[in-house]
Amino acid sequence: MRTIKLTIGISLLCIFSYSGYGQSGKEEYHAIVETLNYYLDGGTNNDFSTLKKAFHDNAIMSSIGDDAYQEVNALEFFGNAMKPGPKSNRETYIVHISQTGTTANARLELIYSDAIITDYMNLLKVDGQWKIVSKIFFKKVLLNKP
């Protein structure tokens, strides 16, 4: 009997929690997409001022390079690496977004002629705006270029 009450209670909690998202959930989703697009569009167009809108000032970027862990401040990295120039020849996709309250994560795919980069972004809603606070990524080099 106790198990049935617990199951019903958890089910009701899930239903009420989910219904609380309603229109607000759609607005949050679109705001997260907007933030991710600042990152994607800024990178594609070599536009640091657009890309910068996506990141929190203290955002970190981590990866494994040369078999060792690497971590840098994301804005410092992009600020130094990004130079004005022609649009990057790449396709970008937001593959998945998951959001709960003021937290979210997303998986992105950036497809170049010689590599595919998978980005995993963690976002927080800071002062009413969604910001990327951390990024981990993997670069798969394509041996047989398309």
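Residues numbered from 1 in each chain as written. Predicted model: local features only at pLDDT ≥ 70, side-chain atom pairs only at ≥ 80, totals over all residues. Heavy atoms only, no water.

Q: Requested: an account of the pattern of salt bridges, with residues and values cited.
A: In this structure the tally under the stated criterion is 3 salt bridges. Lys-125 is the salt-bridge partner of Glu-28, the closest N and O atoms lying 2.7 Å from each other. Here Lys-125 lies in strand β5 (residues 115–126) and Glu-28 lies in helix α2 (residues 22–44), a separation of 97 residues in the sequence. You can call Glu-28 buried: its relative accessible area is 15%. On the accessibility criterion, Lys-125 (30% relative accessible area) is partly exposed. Among the salt bridges present, the one from Glu-109 reaches Arg-107, with a minimum N-O distance of 3.3 Å. Here Glu-109 falls in the buried class, since its relative accessible area comes to 13%. (Salt bridge = Lys/Arg side-chain N within 4 Å of Asp/Glu carboxyl O. Helix = DSSP H or I, 4+ residues; strand = E, 2+ residues; numbered from the N terminus. Buried < 20%, exposed > 50% of the residue type's maximum accessible area, 1.4 Å probe, protein only.)

Q: Give a detailed account of the sheet that holds strand β2 (residues 68–73), specifying residues and quantitative values.
A: The strand order across the open sheet built from 6 strands is β2-β1-β6-β5-β4-β3, with neighbouring strands paired in mixed fashion. Each edge of the open sheet is held by one strand with a lone partner, namely β2 and β3 (91–100). Averaged over all neighbouring strand pairs, the angle between strand axes comes to 15°, with direction disregarded. Bridging between strand β1 (residues 55–65) and β2 involves 6 bridges; their strand directions are antiparallel. Residue Gly-65 lies in a different strand from β2, and its bridge partner there is Ala-68. Across the sheet, helix α4 (residues 74–81) is in contact with β1, β2 and β6 (129–141); its angle to β1 comes to roughly 80°. (Pairing = 2+ DSSP bridges. Axes fitted to C-alpha atoms, helices over the stretch in contact; angles between N-to-C directions. Contact = heavy atoms within 4.5 Å.)

Q: Quick rundown of the pairing of β3? Include the residues and the values.
A: Every regular strand shows the same layout, with side chains that alternate between the two sheet faces. When β3 meets strand β4 (residues 103–111), the two strands line up antiparallel, connected through 9 bridges. Pairing of Glu-91 across the sheet is with Ile-111, part of β4. Where β3 folds back onto β4 in an antiparallel hairpin, the turn is made up of 2 residues, including Gly-101, whose phi is positive at roughly 55°.

Q: Please give an account of unusual backbone geometry that cites residues and values.
A: For Asp-67, which is not a glycine, the phi torsion comes out positive at approximately 65°. Since its relative accessible area comes to 79%, Asp-67 is described here as exposed. Positive phi, normally seen in glycine, also occurs at Asp-127, with a value near 50°. You can see Asp-127 is positioned in the loop between β5 and β6. Assessed through its relative accessible area of 79%, Asp-127 is described here as exposed.

Limitation: the analysis is restricted to geometry and does not speak to function.
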